[in-house]
Amino acid sequence: MAESATPAIPADVKKMSFEEALEELRQIVGALERGDGKLDDAISSYQRGAELKAYCESKLRDAQEKVEKISLGPDGDIKTEAFDVG
């Protein structure tokens, strides 16, 4: 089964903090794992979960880009450079 394109992130999700979105995503995953609700509800929950996941991933990417590595230069000066994950 091919993975679908990244879902558009709804305005209500964009207003959430990372922590709020992650908590809602955890609740959705828990309900889906337990098999709570009807099939139509599960499909809607899955779609909402995909939106929340995309949002959380984008927030993490943004944070990663902002992280800087702090180092001490040979002359004793403090300098920063982009953090390299690879």
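Along every chain, residues carry numbers that run from 1 in the direction the sequence is written. A pLDDT threshold of at least 70 governs which residues receive local features in this predicted model, and a stricter bar of 80 or more applies before side-chain atom pairs are shown or counted, although totals over entire chains, interfaces and linings include all residues. Hydrogen atoms and water are omitted, and side-chain values are computed over all heavy atoms in the structure.

## Let's talk about the pattern of salt bridges
Then, number 1: Take a side-chain nitrogen of Lys or Arg and a carboxyl oxygen of Asp or Glu: if they are within 4 Å of each other, that pair is a salt bridge. Across all of its chains, the model carries four salt bridges by this definition.
Then, number 2: The salt bridge involving Asp12 is made with Arg48; its shortest N-O contact spans 2.9 Å. Here the residue Asp12 occupies a position in helix H1 (residues 11–14), and Arg48 occupies one in helix H3 (residues 39–66), the gap between them amounting to 36 residues.
Then, number 3: Three labels apply to residues, based on accessible area from a 1.4 Å probe with only protein chains included: buried if under 20% of the type maximum, exposed if over 50%, partly exposed otherwise in between. Assessed through its relative accessible area of 19%, Arg48 is described here as buried. Numbering of helices and strands runs from the N terminus; a helix is a DSSP stretch of H or I covering at least four residues, while a strand is a stretch of E covering at least two.

## A closer look at the nonpolar core
Then, number 1: By size, the foremost hydrophobic cluster in this structure holds eight residues: Val13, Met16, Ala21, Leu25, Ile28, Leu52, Tyr55 and Cys56.
Then, number 2: Going through the elements one at a time, helix H2 (18–34) and H3 are the ones with two or more residues in this core.
Then, number 3: Two residues form a contact once any of their heavy atoms are found within 4.5 Å. Sequence-distant contacts of Tyr55, that is, excluding residues within four places in its chain, are made with Ile9, Val13, Lys14, Met16, Ser17 and Ala21. Residues grouped as a nonpolar core are buried Ala, Val, Leu, Ile, Met, Phe, Trp, Tyr and Cys residues, joined through side-chain atoms within 4.5 Å.

## Things to note about the packing of H2 against H3
Then, number 1: Helix axes are fitted to C-alpha atoms over the stretch in contact, other axes to C-alpha atoms as well, and angles between N-to-C directions run from 0 to 180 degrees. Direction vectors running N to C along H2 and H3 enclose 145°, while the axes themselves pass 9 Å from each other. For the crossing formed where H2 meets H3, the hand is left-handed. Between H2 and H3, the contacting residues are Phe18, Ala21, Leu22, Glu24, Leu25, Ile28 and Leu32 on the first element and Ala42, Ser45, Tyr46, Arg48, Gly49, Leu52, Lys53, Tyr55, Cys56, Lys59 and Leu60 on the second.
Then, number 2: As a working rule, the residues Ala, Val, Leu, Ile, Met, Phe, Trp, Tyr, Cys and Pro are called nonpolar, Asp, Glu, Lys and Arg charged, and the rest polar, with Gly in that last group. Of the residues belonging to the contact of H2 with H3, the class tally is twelve nonpolar, two polar and four charged. When the near helix sits turned anticlockwise from the far one by under a right angle, the crossing is termed left-handed; a clockwise turn instead gives a right-handed crossing.

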